[in-house]
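# Report on the structure
Spelled out from the first residue to the last, the chains are:
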Amino acid sequence: MSTCILVLGTPRSGTSCLAGILSKLGIYIGDNLLRANDMNEMGFFQDIEFEELFDNCPEWMPQYPGKDLCDKEKLHSLIQKRCKEHEIWGLKIRLGAFVVEDFEMFCDIKLIVLDRNKQQSIDSLTKWSLPSDQNPTEVIERSRDAIQNVLKTRKALHITFDSLLNSAESKVEHIAEYIGKEKTNEAVEFINPSLRRY
């Protein structure tokens with residue numbers, strides 16, 4: 001059975017960096033990724049093919065467990081397609097915590113959670129271009145709630161944002177061991193604390 005490594009974390013918590021590390025460790029995370037911009041110069045490493053499934057979601061960050069988030073038939077079809085193509089693959093999507101059960105139907109999953117100080121994430125998100133009807137504090141709180149609900153019955157590797165920036169080599173080694181890969185210099189060097197955004 002295929003294994004999917006799901007990256008979970010609130011917006012502006014460092015999940016793009018974590019997904020980038022997975023890529024540098026040799027994990028396939030998609031061919032069509034959200035492009036880099038001024039707020040994320042190294043790239044988002046966010047799979048557009050999956051993200052587009054949630055385009056019609058009523059809210060940018062719904063309350064857990066959410067309702068009418070996407071076309072489940074299309075989601076399941078895409079998950080199955082990836083599982084057939086890759087023995088191990090990774091994924092970072094905005095509403096990942098809301099669809100963990102859907103992935104578990106078709107593949108083994110390994111969860112990696114990026115933890116960041118709540119207020120730091122809010123401050124960073126405030127500077128980002130959220131939809132006008134979204135409140136940054138509410139978005140972060142809803143995202144944290146969804147992740148906590150997922151973790152009530154599942155194990156995960158937890159990495160803090162600060163430790164990732166301050167102890168890059170040891171954290172990359174920890175991540176690599178968790179996913180069954182060898183640590184690479186490319187993955188360690190990918191972490192650039194100067195690009196931290198508040």
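### As for the overall build of the protein
Assigned secondary structure in the protein consists of nine helices and four strands. Ordering the α and β elements of the protein from the N terminus gives β-α-α-α-β-α-β-α-α-β-α-α-α. Reported as C-alpha extents along the three principal axes, the dimensions of the protein are approximately 40 × 40 × 30 Å. The buried share among the 198 residues of the protein stands at 51%. Long-range contacts, defined as pairs at least 24 residues apart, comprise 75% of the intrachain contacts of the protein with a sequence gap of at least 6. Here the protein has roughly 10000 Å² of accessible surface; of this, 43% comes from carbon and sulfur atoms. Across the protein, the mean location of the 25 positive side-chain charges is 3 Å away from that of the 31 negative side-chain charges.

### What about the packing of helix α5 (residues 118-126) against helix α6 (residues 136-151)?
Across the interface, α5 lies against α6 with an axial gap of 9 Å and an inter-helix angle of 130°. As summarised for this structure, α5 and α6 are arranged oblique, according to the angle between their axes. For α5 against α6, the interelement crossing comes out right-handed. Judged by residue contacts, Lys-118, Ser-121, Ile-122, Leu-125 and Thr-126 of α5 engage Pro-136, Thr-137, Val-139, Ile-140, Glu-141 and Arg-144 from α6. Looking at the contact of α5 with α6, its residues break down into five nonpolar, three polar and three charged.

Scoring rules and cut-offs
Residues numbered from 1 in each chain as written. Predicted model: local features only at pLDDT ≥ 70, side-chain atom pairs only at ≥ 80, totals over all residues. Heavy atoms only, no water. Helix = DSSP H or I, 4+ residues; strand = E, 2+ residues; numbered from the N terminus. Buried < 20%, exposed > 50% of the residue type's maximum accessible area, 1.4 Å probe, protein only. Contact = heavy atoms within 4.5 Å. Areas by Shrake-Rupley, 256 points an atom, 1.4 Å probe, with all protein chains shown as cover. Lys, Arg positive; Asp, Glu negative; His and termini not counted. Charge placed at Lys NZ, Arg CZ, Asp CG, Glu CD. Axes fitted to C-alpha atoms, helices over the stretch in contact; angles between N-to-C directions. Parallel < 35°, antiparallel > 145°, perpendicular 65-115°, else oblique. Left-handed = near helix turned anticlockwise from the far one by under 90°. Nonpolar A, V, L, I, M, F, W, Y, C, P; charged D, E, K, R; others polar.

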